[in-house]
Amino acid sequence: MTKWHLGRRRFLLSGAATGAAFAMPGIIRANAADATVNKWIDEFQPSTLSRDAQIQELEWFQKAAAPFKGASIKIVSETIDTHVYESQTMAKAFSEITGINLTHDLIQEGDVIEKLQTQMQSDQNIYDAYINDSDLIGTHFRYQKAVPLTDWMTGAGKDVTLPTLDVDDFMGKSFTTAPDGKLYQLPDQQFANLYWFRYDWFTDPQLKAEFKKVKGYDLGVPVNWSAYEDIADFFTNHVKTINGVRVYGHMDYGKKDPSLGWRFTDAWLSMAGMSDKGIPNGLPVDEWGIRMEGCRPVGSAVTRGGGTNGPGAVYALQKYIDWLKAYAPPEAPGMTFSEAGPVPGQGAIAQQIFWYTAFTAASVKSGLPVMNADGTPKWRMAPSPHGPYWQEGTKLGYQDCGSWTLLKSTPVDRAQPAWLYAQFCVAKATSLRKTHVGLTPIRDSDIRHASFTERAPKLGGLVEFYRSPARVAWTPTGNNVPDYPKLAQLWWANVAEAVTGEKTAQEAMDNLAKQQDQILARLERAGIGGDCAPKLNPEESAESWFAKSENGTREPKPKLANEKPAGVTVDYDLLITAWRDNKVMPDGIRG
């Protein structure tokens, strides 16, 4: 998610709770609402609020913005459907209701980070607010260039903080909270990286019987990587064709390109099991393999207590390469992320282990080979399967959380109206409508609204996932990563050398760990982060660290004797029933 990533998400997207009304001096009652508010209230339907409460929220914005009427404010985000709706519709509504001239620029994701970095380094105001990934939480916390919103909302931003903002309703609140316990960013949109599969094929009696005959157990949603591999082999090498079309049991991409970076930093190693337990991120070792003691990053390499080049990480890279070459379409190794993204929707892919829910809107379009005539999908999304190094209590996948960020270099009289717009985009009066447009939910109250219950059958499991207790195991990059832009750029080049065969998986991860530790050393010398700056552990043998792993339960973990346990699957419909019963998995299912 830096300029080296070329903007991952620019390719991704081309319960009826009633909020309590709040009393404020001077607020006009709903039956005499301001004409401009009345003009826009119908746009922001449905809502979790009653119409009266919705009008009162919008009129609060009008009143709070009065001191800034006529001001011109600029904010920036990347270009995805959610932000397009904000830029084209919500910004216009905000300007008309408040009298603030609001410009919401849409640029490539990498350019957002470049602007953000420039403002952080120069202390010269470029934008009055940014929507940037919560992956930078460790960066914001240590560089102290971002305004801690916890302090802002009780200090300089108090008079422009919505009384009904309800921060606890945001599903990603923990993602944007730093080790000091303060909220640094406010979530604006979220999407997870889940497992995608052809529900129609997986429930076909003939295919189910053949899979049981070949593999010895039931075809279903894979709980572990062993089952995923068996299913990939089954469709690619045994089924081969369905209705005359060549089919494949796996889809991925492998071209030497910056998109290989987020293919791994977006939690691939923790999906394999290289990470300590901990939600939202492993402690002391996270999914990048970076060990953090207290709040100080102390190393990536196994010899410093990290896991970047440990057995679980090497296994994850090797499996990615093996599956890409053995089970995906022959053109997949030469594809980039943007080229591979549409392929499952073309109808020849049985399953994909690494699939962003931001693809949902594009994957339910009428006329696609993966859609039924009645508008329901032939596919479903489900929890990601995990590798053999994974343990209960470890994060299971990645979740993007684009979040509002204020920088200290922005003058207060500009940050205040920008903060009003930020809240306008996520307020209960507007957020449910925005969620229906972009399908990137941020509020628990929104995803539980009756309108999503009605829409759920046509969204392939998105609603069920976000309502389930399982959702907490999919999280963004966290606090262990002290400088996301500098560290993220290292990944794709090292992964690519393993894909092309220039280096073994072990050699590639050794080099990555070495490079990460070199950056940590530079940050340590510069003192970036103060008491939470990196401080590298002295090197000692890998064997001595493995001996401290508590029988392979702590990172760095030693190599497993058996990296392919028996495959385990779960029936999708039983899984959905378990979610509705507030369980992560049906009783008795273990991987």
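Small disclaimer: the values here were computed from a predicted structure and weren't measured.

Engineer: Talk me through the overall build of the protein chain; I want residue IDs and the actual numbers.
Structural biologist: On a plain count of helices and strands, the protein chain comes out with 24 helices and 14 strands. In summary, the protein chain has a C-alpha radius of gyration of 24 Å against a globular reference of 25 Å for 591 residues, a match within 12%. If one aligns the C-alpha atoms of the protein chain with their principal axes, the spans along those axes are about 70 × 60 × 40 Å. For the protein chain, the residues scored as buried account for 62% of the 591 residues in total. Summing over all exposed atoms, the protein chain offers an accessible surface of approximately 20,800 Å²; the carbon and sulfur share of this is 50%. Distance between charge centroids for the protein chain: 0 Å, based on 62 positive and 68 negative side chains.

Engineer: Describe the nonpolar core, listing the residues and the values that go with them.
Structural biologist: Trp225, Phe235, Trp268, Leu269, Leu317 and Tyr320 are the most contacted members of the largest nonpolar core, which has 125 residues in total. By residue number, the principal contributor to this core is helix 12 (residues 311-327), which donates ten residues. In this structure Trp225 touches Trp268, Met271, Ala272, Tyr315, Ala316, Lys319, Trp323, Ile353, Pro385, His386 and Gly387, once residues within four positions along its chain are discounted. Among the nonpolar cores identified, the runner-up in size contains 50 residues, and Val37, Trp152, Leu165 and Ala429 belong to it.

Engineer: Go over the packing of aromatic side chains, please, and point to the residues and values.
Structural biologist: Scanning all chains against the criterion turns up 42 aromatic pairs. Positioned above the aromatic ring of Trp201 is the side chain of Arg198, whose terminal nitrogen or guanidinium carbon lies 4.1 Å from the ring centre. Across the ring face of Phe354, the terminal group of Arg263 is positioned such that the distance to the ring centre comes to 4.1 Å.

Engineer: Give me the pairing of strand 3 (residues 129-133): which residues, what numbers.
Structural biologist: Remember that side chains alternate between the two faces of the sheet whenever the strand is regular. Of all five residues in strand 3, five are buried; the element is thus mostly enclosed. Sheet topology places strand 1 (residues 72-78) next to strand 3; two bridges connect them, and they run parallel. Paired with Val76 across the two strands is Tyr130, which belongs to strand 3.

Engineer: Hey, could you go over unusual backbone geometry for me, with residue numbers and the actual values?
Structural biologist: The linkage connecting Leu283 with the following residue, Pro284, adopts the cis geometry, with an omega of 5 degrees. Residue placement: Pro284 occurs in the loop between helix 11 (268-272) and strand 8 (291-293). With an omega of -5 degrees, the peptide bond running from Glu555 to Pro556 counts as cis. Note on placement: Pro556 falls in the loop between helix 23 (542-546) and strand 14 (569-570). Although it is not a glycine, Asp166 sits at a positive phi angle of roughly 55 degrees. Residue Asp166 is classed as partly exposed on the basis of its relative accessible area, which comes to 32%. Backbone geometry places Glu550, a non-glycine residue, at a positive phi of 55 degrees.

Engineer: Explain the environment of Thr265 to me, and be specific about the residues and the numbers.
Structural biologist: With respect to the element layout, Thr265 can be found in helix 10 (residues 259-265). Through-space distance from the C-alpha of Thr265 to that of Leu487 is 10.0 Å; in sequence the pair is 222 residues apart. Here Thr265 is in contact with Trp288, Thr477, Tyr484 and Trp491, once residues within four sequence places are set aside.

Engineer: Outline helix 4 (residues 109-122), listing residues and values.
Structural biologist: Here helix 4 is 14 residues long and its end C-alpha atoms lie 20 Å apart, about the 20 Å a rise of 1.5 Å per residue gives. Those residues of helix 4 that sit buried are Glu109, Gly110, Val112, Ile113, Leu116, Gln117, Gln119 and Met120. In the core, the buried residues of helix 4 are packed alongside strand 1, strand 2 (101-107), strand 3, helix 5 (137-143) and helix 20 (484-488). Once helix 4 finishes, Asp123 follows within two positions and takes phi at roughly 60 degrees, a positive value.

Engineer: For the packing of helix 3 (residues 81-98) against helix 16 (residues 431-438), give the residues involved together with the corresponding values.
Structural biologist: The contact between helix 3 and helix 16 brings their axes to 9 Å, and the two run at 130 degrees. By the angle class used here, helix 3 and helix 16 are oblique. Helix 16 is crossed by helix 3, and the crossing has right-handed handedness. Note on element contacts: helix 16 touches helix 3 through Arg433, Lys434, Val437 and Gly438, opposite Thr82, Tyr85, Glu86 and Met90. Across the contact of helix 3 with helix 16, the residue classes break down as three nonpolar, two polar and three charged.

Engineer: Give a detailed account of the environment of Ser338, specifying residues and quantitative values.
Structural biologist: Mapped onto the elements of the fold, Ser338 is located in helix 13 (residues 337-340). Sequence separation between Ser338 and Tyr253 is 85 residues, and the spatial gap between their C-alpha atoms is 9.2 Å. Within polar-contact distance, the side chain of Ser338 engages the side chain of Thr336 at 3.1 Å.

Basis of the calculations
Residues numbered from 1 in each chain as written. Predicted model: local features only at pLDDT ≥ 70, side-chain atom pairs only at ≥ 80, totals over all residues. Heavy atoms only, no water. Helix = DSSP H or I, 4+ residues; strand = E, 2+ residues; numbered from the N terminus. Rg over C-alpha atoms; globule rule 2.2 N^0.38 Å. Buried < 20%, exposed > 50% of the residue type's maximum accessible area, 1.4 Å probe, protein only. Areas by Shrake-Rupley, 256 points an atom, 1.4 Å probe, with all protein chains shown as cover. Lys, Arg positive; Asp, Glu negative; His and termini not counted. Charge placed at Lys NZ, Arg CZ, Asp CG, Glu CD. Core = buried A, V, L, I, M, F, W, Y, C linked by side-chain atoms within 4.5 Å. Contact = heavy atoms within 4.5 Å. Phe/Tyr/Trp six-rings, centres within 6.5 Å; stacked < 30°, edge-to-face > 60°. Lys NZ or Arg CZ within 6 Å of the ring centre and 35° of its normal. Pairing = 2+ DSSP bridges. Expected span 1.5 Å × (residues − 1). Axes fitted to C-alpha atoms, helices over the stretch in contact; angles between N-to-C directions. Parallel < 35°, antiparallel > 145°, perpendicular 65-115°, else oblique. Left-handed = near helix turned anticlockwise from the far one by under 90°. Nonpolar A, V, L, I, M, F, W, Y, C, P; charged D, E, K, R; others polar. Polar contact = N/O pair within 3.5 Å; in protein donor to acceptor, adjacent residues only side chain to side chain.

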